[in-house]
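Reading the structure
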Amino acid sequence: MGNRGGRFHNDDQTIGRRRWATKQWIACVCEFKGRRREVFGRFYTELFFRDEPTALAAGHRPCFECRRDQAKAFQAAFPGGPMRAPEMDVRLDAERRDPGRLKRKVALEQLPDGAMIVWREAPHLVAGGRLWPWSFGAYGTPVTRPARADVVALTPPSIVAALASGYRPQWEGTPREAAD
């Protein structure tokens, strides 16, 4: 689960024009210390992600409250770090707002496990020497990762760098098993 710093839904539970409230885009756990959150509640618009690589590709970082160990590991791996969360948020916000972000070509062989890319016009997860087709329901049948190819990286550059520096996102199922 995640949020973008506030409420951006209407009283009728439809999404309004606003897509975020702050630069602090975080990925949280769904359960923490027995707290129960109301979806489309009074203060936040909750977002739900298939897994952490999906949240990272959207530009969210781990929460320092409910995912403290992961947030510290992310902070230690973040380029130029360790830096405080607000400093990471400023950099990630700039990368999310980059008008060329959906055309950011990178060499596939340089991408670490956990990065999301566009391969053959569809989103894929890089994991375990394979490319796993992404969907809302499940990852599809993987294809062998080509030795060389230029692809569009969906995951922001600073998060790709954190993955390359050793941050290990959490996910369950086949792609994770293949990466281990």
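Since we're looking at a predicted model, the values are computed, not measured. (Residues numbered from 1 in each chain as written. Predicted model: local features only at pLDDT ≥ 70, side-chain atom pairs only at ≥ 80, totals over all residues. Heavy atoms only, no water.)

**Brief notes about the packing of aromatic side chains**
Put simply, the test is: Stacked, edge-to-face and tilted are the three classes for Phe, Tyr and Trp ring pairs, Trp counted by its six-membered ring, which pair at centre distances within 6.5 Å; planes under 30 degrees apart are stacked, over 60 edge-to-face, the rest tilted. Accessible area is worked out with a 1.4 Å probe on protein chains only. A residue is then buried under 20% of its type maximum, exposed over 50%, and partly exposed in between. For a lysine, the NZ atom is tested; for an arginine, the CZ atom; a charge sits over a ring if that atom is within 6 Å of the ring centre and within 35 degrees of the ring normal.
Inspection of the entire model under this criterion finds three aromatic pairs. Taking 4.8 Å as the distance between ring centres and 70 degrees as the angle between the ring planes, the aromatic pair formed by tryptophan 134 and phenylalanine 136 counts as edge-to-face. We classify phenylalanine 136 as exposed; its relative accessible area is 77%. Feature note: the residues Phe74, Phe78 and Tyr167 constitute an aromatic cluster, connected by ring pairs. The ring centre of tryptophan 25 lies 3.8 Å from the NZ or CZ of arginine 96, which sits over that ring.

**Brief notes about the sheet that holds strand E8 (residues 143-144)**
For the record, the criterion: Strand pairing requires that DSSP identify at least two bridges connecting the strands. Helix numbers and strand numbers start at the N terminus; a helix is a DSSP run of H or I with at least 4 residues, a strand a run of E with at least 2.
Read from one edge of the open sheet, six strands run E4-E9-E5-E6-E7-E8, paired in antiparallel fashion. Two strands in the sheet have a free side with no partner beyond their single neighbour: strand E4 (105-107) and E8. In the sheet, strand E7 (residues 130-133) pairs with E8 via two bridges, with the strands oriented antiparallel. Counted as the bridge partner of leucine 131 is valine 143 from E8.

**Some thoughts on the pattern of salt bridges**
Two side chains bearing opposite charge may form a pair once their charged atoms approach each other closely. Selection criterion: Just to be clear on terms, a salt bridge is a Lys or Arg side-chain nitrogen sitting within 4 Å of an Asp or Glu carboxyl oxygen.
Evaluated as defined, the whole model comprises four salt bridges. Two residues, glutamate 52 and arginine 67, come together in a salt bridge whose shortest N-O distance is 3.0 Å. Highlighted residues: glutamate 52 in helix H1 (residues 52-57) and arginine 67 in the loop between strand E3 (61-62) and helix H2 (68-77), separated in sequence by 15 residues. The partner of arginine 61 in a salt bridge is aspartate 89, and the shortest N-O contact between them spans 2.6 Å. With a gap of 28 residues between them, arginine 61 in strand E3 and aspartate 89 in helix H3 (residues 85-97) connect regions that are remote in the sequence.

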